[in-house]
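Reading the structure
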Amino acid sequence: MSERKRPLLLDVDPAELPVSGGRAYRRRQLAGWIYGRGVADVAAMTDLPKRWREELAEAWRLDPFDEVRRFPSWDGSVRYLFVLPDGRRTEAVYMPYETRKTVCVSSMVGCPAGCTFCATGALGFGRNLSRGEIVGQVLAVARHEGIEPAAIRNVVLMGMGEALLNYDEAIAAIRRLIDPAALDMSPRRITLSTVGLPARIERLAGEGLPLTLAVSLHAPDEATRRTIIPTAHAHSIDAIFASLRRWQEATRRRVTIEYTMLAGVNDAPAQADALADLLHGLRAHVNLIPFNDWSGSGFEGSDRGRIDAFRARLDGRGASVSVRFSRGQDTGAACGQLSLQGAGEAA
């Protein structure tokens, strides 16, 4: 069977992995190699029978990516560009901190949300990623960074795509990340970002996943939000916040509000007050994100004084708020910059 036509083994639940000769313990061994050690070559699984390894290699594809390109930043973060077997490309970002290692993964090729200040939105929508292609980004990053997958304890679905529009695969990927037979992460260390889809947020509330939900709001009023997020006309801000309250009732988890600071667009004192009003009765934290410029964006970021004044106004109204500076700006890895830069360069 050709490389491209073989099914991806990472799309298979650990409990349903193939076994050799009816021996269930072989399934645990196989899962250990895939998720415990992050091995992407069946030939390296030396304690599996040679004949079975040959059969696995013939029947399955283990690595989701034909090519992996690595773009390190001066700040220690690394942007990863993945080439898929169908020629499509997607990206992830590795962010090591003193106390944790985080990977920002994509749920799609491109993004259909069309946020005008986001480089990924300018690419348009390519296709959804499968659960294995999402989880495979974490495993590939660990492998290329020379660390075990267990060293990565934080994952954010904030890369390319709207995860809740790829609902089944994104949720399956999250369950794979927290599965004790796979990566055994804490759901509280997983963040899912969404532009705000009320029906999907309410569906998520019923999943029993105490993850962190981040909503890309970026404006407190309908007119401004619809200007910078063209697809926002489909869901009102009131409907989004109603769904967030129902999600919070079900999960008891704090909501994160993402707010990119755009000069002259959404950074006025009155807009800070309007945002504070929206947050009333919701346990939430606001991340103010300085705009990360990209070629052709047409926007300017708010200056530091304007950001600090906005933060102070929210703080004065009792809101939990901080300024989140993105990493990897020099390699196109910062928030809103993912645009497949260097797609034609050598790895």
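Residues numbered from 1 in each chain as written. Predicted model: local features only at pLDDT ≥ 70, side-chain atom pairs only at ≥ 80, totals over all residues. Heavy atoms only, no water.

**Thoughts on the nonpolar core**
Counting residues in hydrophobic clusters, the biggest one holds 99 residues, and the most contacted among them are Ile-34, Leu-244, Ile-257 and Leu-314. Setting aside residues no more than four positions away along its own chain, Leu-314 makes contact with Ala-272, Leu-275, Ala-276, Val-286, Leu-288, Ala-319 and Val-321. (Core = buried A, V, L, I, M, F, W, Y, C linked by side-chain atoms within 4.5 Å. Buried < 20%, exposed > 50% of the residue type's maximum accessible area, 1.4 Å probe, protein only. Contact = heavy atoms within 4.5 Å.)

**Describing helix 5 (residues 167-178)**
Turn by turn, an α-helix covers 3.6 residues, leaving residues three or four places apart pointing in a common direction. Over its 12 residues, helix 5 extends 17 Å from the first C-alpha to the last, a length consistent with the 16 Å expected when each residue adds 1.5 Å. Within helix 5, 10 of the 12 residues are buried, which leaves the element mostly enclosed by the surrounding structure. (Helix = DSSP H or I, 4+ residues; strand = E, 2+ residues; numbered from the N terminus. Expected span 1.5 Å × (residues − 1).)

**Describing the pattern of salt bridges**
For the coordinates displayed, the defined rule picks out 19 salt bridges. Between Arg-69 and Glu-67 there is a salt bridge; the shortest N-O distance is 2.9 Å. Residue Arg-69 is classed as buried on the basis of its relative accessible area of 6%. Across the pair Arg-127 and Glu-133 runs a salt bridge, and its minimum N-O distance is 3.1 Å. (Salt bridge = Lys/Arg side-chain N within 4 Å of Asp/Glu carboxyl O.)

**With respect to the pairing of strand 7 (residues 154-157)**
Along strand 7, one buried face is formed by Asn-154 and Val-156 and the opposite face, lined by Val-155 and Leu-157, is buried too. Pairing between strand 4 (residues 101-104) and strand 7: three bridges, direction parallel. The residue bridging Cys-104 from the neighbouring strand is Val-156, located in strand 7. Bridge count for strand 7 against strand 8 (residues 190-194) is three bridges, and the pairing is parallel. Note on strand 8: the bridge partner recorded for Val-155 is Ile-190. In this view, the connection linking strand 7 to its parallel neighbour strand 8 by way of helix 5 has right-handed handedness. (Pairing = 2+ DSSP bridges. Right-handed = clockwise from strand over helix to strand, strands pointing away.)

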